[in-house]
Structures are given as structure tokens and as C-alpha cells.
Amino acid sequence: MKILYAIQGTGNGHLSRAKEIIPALLKRAQVDILVSGTQAEVTLPYKIKYKLKGLSFYFGKNGGVDIAQTLNKNSILNVFSEIKNCPVKQYDLVINDFEPITAWACKFKGVKCISLSHQGALFTKGVPKPSHKDFIGSFIIKNYAKCNQNFGFHFKKYNNKVYTPIIRSDIRLLKKVEKDHYTVYLPSYSDEKIIQVLSKIKGIKWKVFSKNAKKYYQKKMYI
């Protein structure tokens, strides 16, 4: 069996999860890897056969998608060209982690495509949803990388199509210790925004992993 495993390259979570999924797939089939998007810092220890520009999201400083920058840095003509030329018909199955090019190429070319992503869980039964309805956001998530079947990852197994998160073996095998601080990893927020919010919580020591800071620094806030 020949599988194309297509991964979203915006953010680090998709590629981190792929480090565990790829070895499992390689035990069962011949696998080629496709990555689209340009906003990740994580690298894969496997050969990437196809590297596409794709349709990337660009984040602002407050945790949300910067719509203007996203529209400015993506080319719709390039997206259509990559969909048209994507060689999905060479494969028996496409497994998709929220990757739009292969999802739409499969739809147009009649190739079976299975979603294996966190986003795949969001439209299955029993998964909690916010009380505020974001129609634009829901439309994008539902149609950005639409597949024939959805299997998702979430914090709880809400139904038979949802599985608990895949955590890398090098993380699972670490020795757990309890220290005197809380660790924060919110790469879609600016350092200034994170400091502004955390500084309002008195008596707590925070350690923030930042993709913007080049060296370690401390900041004391008095409110």
C-alpha cells in the first residue's frame, strides 16, 4: 500500500505529532511525506518528498490570525496551481493533518483522504464548543482541509472518532519533577502581551518559552 502523509507546516504541533505517526505508518506501508506551509520551527528526521508553499496562516501579537498579513503573503494562484499539480492519484490513500493542498486535490481527483488532526475532532459528536459562535472561523476550519473521513485528537475521548493527544516518546520518557514555577508556551502571542497578562497574577513565578527572545532575560512586575 502506498500512502501520502500530508502535514500542515504552520505552527509546530502538526510536525511534532508527525514524528510519532510516521514510524507507525512506515511499519505498515510505503509512505511519502508532503509538508505545506512556512511557519514552523520544528524539523522532521525523515525525508520530505514534497515541500509546498501551501496556504499558511500568519499570526498577530494577540493570539489570533492576522487576516491582512495572511492574505498578503498567500497567493491564490499558487494555491490553485499546487492543487492542480499535486500527485495524489499516485497513492492508494492520503492521510491528512490539516493540510489544504492534498485535501482539495483529493476532492477534485477522487482520491480517498482521511483527516488525522486536532481539527478533525472539532466537528464530531460530543466535542465541546465555545458559547460564542464564530461563523467565519467555523467555516474556515470546516472547509480548509476537507476530507472524506475525520479522526481527531482532543483532551478526552468524546466519541469513537476522537483519540487522546499523541505525545512524543522523548517527552513521555522524561523524568517528571515538580519545580517552583509554571511553564508557558504560547508562540502565537507576543512576549509583551504574555508579560502583561501574567504580571497581573501575584505571587507566581513564570517561565515563558519565547520564539522571539534570543537570550534569557528576567522581568519583574509590580502591580
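Residues numbered from 1 in each chain as written. Predicted model: local features only at pLDDT ≥ 70, side-chain atom pairs only at ≥ 80, totals over all residues. Heavy atoms only, no water.

### What about the overall build of the protein?
Here is step 1 of the chain: Scanning the protein from N- to C-terminus turns up seven helices and nine strands.
Here is step 2 of the chain: Taken over the C-alpha atoms alone, the protein extends approximately 60 × 40 × 35 Å along its principal axes.
Here is step 3 of the chain: Counting only residues that meet the buried cut, the protein has 36% of its 223 residues in that class.
Here is step 4 of the chain: The long-range fraction of contacts in the protein, counting pairs at least 24 apart against all pairs at least 6 apart in sequence, stands at 59%.
Here is step 5 of the chain: Carbon and sulfur atoms provide 58% of the accessible area of the protein, an area that totals close to 14800 Å². (Helix = DSSP H or I, 4+ residues; strand = E, 2+ residues; numbered from the N terminus. Buried < 20%, exposed > 50% of the residue type's maximum accessible area, 1.4 Å probe, protein only. Contact = heavy atoms within 4.5 Å. Areas by Shrake-Rupley, 256 points an atom, 1.4 Å probe, with all protein chains shown as cover.)

### What about the nonpolar core?
Here is step 1 of the chain: In terms of nonpolar packing, the biggest core is built from 22 residues, with Leu4, Leu34, Cys86, Val88, Val94, Ile101 and Cys106 touching the most fellow members.
Here is step 2 of the chain: For this core, the secondary structure elements donating two or more residues are strand E1 (2-8), strand E3 (50-52), helix H3 (76-85) and helix H4 (100-109).
Here is step 3 of the chain: At four residues, H4 tops the list of elements feeding residues into this core.
Here is step 4 of the chain: Not counting residues up to four positions away in its chain, the partners in contact with Leu34 are Leu4, Tyr5, Ala6, Ile7, Tyr50, Leu52, Cys86, Glu99 and Thr102.
Here is step 5 of the chain: Counting residues in each nonpolar core, the second largest holds 17 residues, with Ala18, Leu25, Val35 and Leu44 among its members. (Core = buried A, V, L, I, M, F, W, Y, C linked by side-chain atoms within 4.5 Å.)

### Some details on the sheet that holds strand E7 (residues 162-163)
Here is step 1 of the chain: Read across the open sheet, the seven strands follow the order E3-E2-E1-E4-E5-E6-E7; overall the sheet is parallel. Looking along the sheet, the strands with just one partner apiece sit at the ends: E3 and E7.
Here is step 2 of the chain: Of the pairings in the sheet, the one linking strand E2 (residues 30-36) to E3 comprises three bridges and is parallel in character. Across the sheet, Leu34 pairs through a bridge with Tyr50, a residue of E3.
Here is step 3 of the chain: This element, helix H1 (residues 13-26), spans E1, E2, strand E4 (93-97), strand E5 (113-117) and strand E6 (149-153) of the sheet and lies at about 170° to E1. (Pairing = 2+ DSSP bridges. Axes fitted to C-alpha atoms, helices over the stretch in contact; angles between N-to-C directions.)

### A few points about the packing of aromatic side chains
Here is step 1 of the chain: Counted under the stated rule, the structure contains three aromatic pairs.
Here is step 2 of the chain: Arranged with centres 5.9 Å apart and planes meeting at 40°, the rings of Trp104 and Phe108 form a pair that is tilted. Of this pair, Trp104 and Phe108 both sit in helix H4, four residues apart, roughly one helical turn.
Here is step 3 of the chain: We classify Trp104 as partly exposed; its relative accessible area is 23%.
Here is step 4 of the chain: By relative accessible area, which is 57% here, Phe108 ends up exposed.
Here is step 5 of the chain: Residues Tyr182 and Trp206 carry aromatic rings whose centres are separated by 5.5 Å and whose planes lie at 40° to one another, so their mutual orientation is tilted. Taken together, the residues Tyr182 in strand E8 (residues 182-185) and Trp206 in strand E9 (residues 206-209) connect sequence positions 24 residues apart. (Phe/Tyr/Trp six-rings, centres within 6.5 Å; stacked < 30°, edge-to-face > 60°.)

### Things to note about H3
An α-helical turn contains 3.6 residues, so a residue and the one three or four places further along point in the same direction.
Here is step 1 of the chain: Listing the buried residues of H3 in full gives Val79, Glu82 and Ile83. End-on view of H3: buried residues confined to an arc of 100°, all on one side of the axis. Away from its buried face, by an angle of more than 90 degrees, H3 presents the exposed residues Leu77, Phe80, Lys84 and Asn85.
Here is step 2 of the chain: On its buried face, H3 sits against E3 and H4. (Arc of directions from axis to C-beta.)

### So, the pattern of salt bridges
Here is step 1 of the chain: This model, assessed by the stated rule, comprises five salt bridges.
Here is step 2 of the chain: Close ionic contact of Lys49 with Asp32 constitutes a salt bridge, the shortest N to O distance being 3.5 Å. One end of the pair, Lys49, is in the loop between E2 and E3; the other, Asp32, is in strand E2, and 17 residues separate them in sequence. (Salt bridge = Lys/Arg side-chain N within 4 Å of Asp/Glu carboxyl O.)

### Let's talk about unusual backbone geometry
Here is step 1 of the chain: Although it is not a glycine, Phe98 sits at a positive phi angle of roughly 55°.
Here is step 2 of the chain: When you line up the elements, Phe98 lands in the loop between E4 and H4.

### Some remarks on the confidence of the model for the protein
Here is step 1 of the chain: The pLDDT averaged across the protein works out to 88; a share of 95% of its residues lies at or above 70.
Here is step 2 of the chain: Taken element by element, the predicted model of the protein shows its lowest mean pLDDT in helix H2 (residues 67-73) (75) and its highest in E4 (97). (pLDDT = per-residue confidence, 0-100.)

### Quick word on the pairing of E2
Here is step 1 of the chain: Burial runs high along E2: six of the seven residues are buried.
Here is step 2 of the chain: As paired strands, E1 and E2 are joined by seven bridges and run parallel to one another. In the strand pairing of E2, Ile3 is matched with Val31.
Here is step 3 of the chain: Tracing the backbone out of E1, into H1 and back to the parallel element E2 gives a crossover that is right-handed. (Right-handed = clockwise from strand over helix to strand, strands pointing away.)

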